[in-house]
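Notes for the structure review
One-letter residues, chain by chain:
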Amino acid sequence: TESTPEKPAYVNVESPIEDTPGQRAGIQAGDLITAINGMPTPDMTMNEVLQDLRGKIGEPVTVSIRRGANMNFDVTLIRALIEVPTVKYGMIGKTGYLRLIEFTPNTAERVQDALNSFAKENYTSLVVDLRNNPGGLINSAVDVADKFIDNGPIVSTKSRIEYENSMFTASPKKTTVPKNIPIIVLINKGSASASEILSGALKDNHLA
């Protein structure tokens, strides 16, 4: 995005990753990073932004945040090694709570671990929490959706180039969530990309 004095090209926070210094410091989806260690971000390339945010583990970095129209504040983060978890889960009474943090090559397997755990606890309902999940691999979202959907299309991609078109279809052999389980999906403005694919597929199939 071109930066102009009237509309500076600040860095937009798509979604803070759970259990990272930024998320723990209260940075939210939609926040704008206006400066890093006092250096304005509109003058930087994205590579320069990443280079300045990263650094030695344990060292501080100060980011200037703009939230909304007129809230501006600085946050000092202590750099850490970021290891991104993909799934968290637990029981709330007889409801299985499934939090999908990001869609990685391991997400579908971890989701199945959660579903197996819920089944042992005789779960009667399910909450799928996609809040602040920025997405990830489309194949991962499809594999997760296939655990709920037993037939028909999950998602299709369309291109001006015909051979790039594709259709991802559900298979009954991969469906592991019982049909009679009520499901609620939680989303917010930080739910993007593959999260939208999964939530849309569950809604369109009248499963959630």
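A short tour of the structure in this document, coming up. Not measured: the values here are computed from a predicted model.

Criteria and thresholds
Residues numbered from 1 in each chain as written. Predicted model: local features only at pLDDT ≥ 70, side-chain atom pairs only at ≥ 80, totals over all residues. Heavy atoms only, no water. Core = buried A, V, L, I, M, F, W, Y, C linked by side-chain atoms within 4.5 Å. Buried < 20%, exposed > 50% of the residue type's maximum accessible area, 1.4 Å probe, protein only. Helix = DSSP H or I, 4+ residues; strand = E, 2+ residues; numbered from the N terminus. Contact = heavy atoms within 4.5 Å. Axes fitted to C-alpha atoms, helices over the stretch in contact; angles between N-to-C directions. Parallel < 35°, antiparallel > 145°, perpendicular 65-115°, else oblique. Left-handed = near helix turned anticlockwise from the far one by under 90°. Nonpolar A, V, L, I, M, F, W, Y, C, P; charged D, E, K, R; others polar. Salt bridge = Lys/Arg side-chain N within 4 Å of Asp/Glu carboxyl O. Pairing = 2+ DSSP bridges. Phe/Tyr/Trp six-rings, centres within 6.5 Å; stacked < 30°, edge-to-face > 60°.

**Digging into the nonpolar core**
By size, the foremost hydrophobic cluster in this structure holds 31 residues, and its most contacted members are Leu98, Leu100, Leu126, Phe148 and Ile149. For this core, the elements supplying multiple residues, two or more each, are strand S7 (95-100), helix H3 (107-120), strand S8 (125-129), helix H4 (138-145), strand S9 (153-157) and helix H5 (194-204). With residues up to four places along the chain from it excluded, the contact list for Ile149 reads Ile154, Ala170, Ser171, Thr175, Ala201, Leu202, Asn205 and Leu207. Within the second largest apolar cluster, 12 residues are counted, among which are Ile27, Ile33, Ile36 and Ile65.

**Remarks on the environment of Ile27**
On the secondary structure map, Ile27 appears in the loop between helix H1 (21-24) and strand S2 (32-36). Judged by relative accessible area, which is 11%, Ile27 ranks as buried. A C-alpha to C-alpha distance of 20 Å links Ile27 and Gly136, two positions 109 residues apart in sequence. Discounting chain neighbours no more than four positions away, the residues touching Ile27 are Val13, Pro16, Gly22, Val63, Ile65, Arg67 and Leu77.

**Concerning the packing of H3 against H4**
Contact geometry of H3 with H4 gives a least axis separation of 8 Å together with a crossing angle of 25°. Judged by the angle between their axes, H3 and H4 are roughly parallel. As for how H3 packs across H4, the hand of that crossing is right-handed. For the pair H3 and H4, the contacting residues are Thr107, Ala108 and Val111 in the first and Ser140, Asp143 and Val144 in the second. In the contact of H3 with H4, the residues fall into three nonpolar, two polar and one charged.

**As for the pattern of salt bridges**
Across all of its chains, the model carries seven salt bridges by this definition. Note that Arg79 is salt-bridged to Glu59, the shortest N-O span being 4.0 Å. Here Arg79 is found in the loop between strand S5 (71-78) and strand S6 (87-92), whereas its partner Glu59 is found in the loop between helix H2 (46-53) and strand S4 (60-67), with 20 residues between them in sequence. The shortest N-O distance in the salt bridge between Asp129 and Arg131 comes to 2.7 Å. With relative accessibility at 35%, the residue Arg131 sits in the partly exposed group. Three or more residues are tied together by salt bridges with common partners; here these are Glu109, Arg110 and Asp113.

**So, the pairing of S2**
The buried fraction of S2 amounts to four of the five residues, a majority that puts the element mostly inside the structure. Where strand S1 (residues 11-12) meets S2, two bridges bridge the pair, whose relative direction is antiparallel. Bridge assignment links Val11 to a residue of S2, and that residue is Ile33. In the sheet, S2 pairs with S4 via four bridges, with the strands oriented antiparallel. Each residue of the ladder has a partner; that of Ala35, found in S4, is Ser64. Pairing analysis gives two bridges linking S2 to strand S3 (residues 39-40), with the strands arranged antiparallel. By the bridge assignment for S3, Ala35 is matched with Pro40.

**Description of the packing of aromatic side chains**
Each aromatic ring pair is summarised here by two numbers: the centre-to-centre distance and the angle between the ring planes. What the rule picks out here adds up to two aromatic pairs. Where Tyr89 meets Phe118, the ring centres are 6.0 Å apart and the plane angle is 85°; that geometry is what we call edge-to-face. Taken together, the residues span a long stretch of sequence, with Tyr89 in strand S6 and Phe118 in helix H3 at a distance of 29 residues. The class for Tyr89 is partly exposed, based on a relative accessible area of 40%. By relative accessible area, which is 0% here, Phe118 ends up buried. An angle of 50° between the planes, with centres 5.6 Å apart, marks the rings of Phe118 and Tyr123 as tilted. With a relative accessible area of 10%, Tyr123 lands in the buried category. Within the aromatic cluster, the residues linked to one another by ring pairs are Tyr89, Phe118 and Tyr123.

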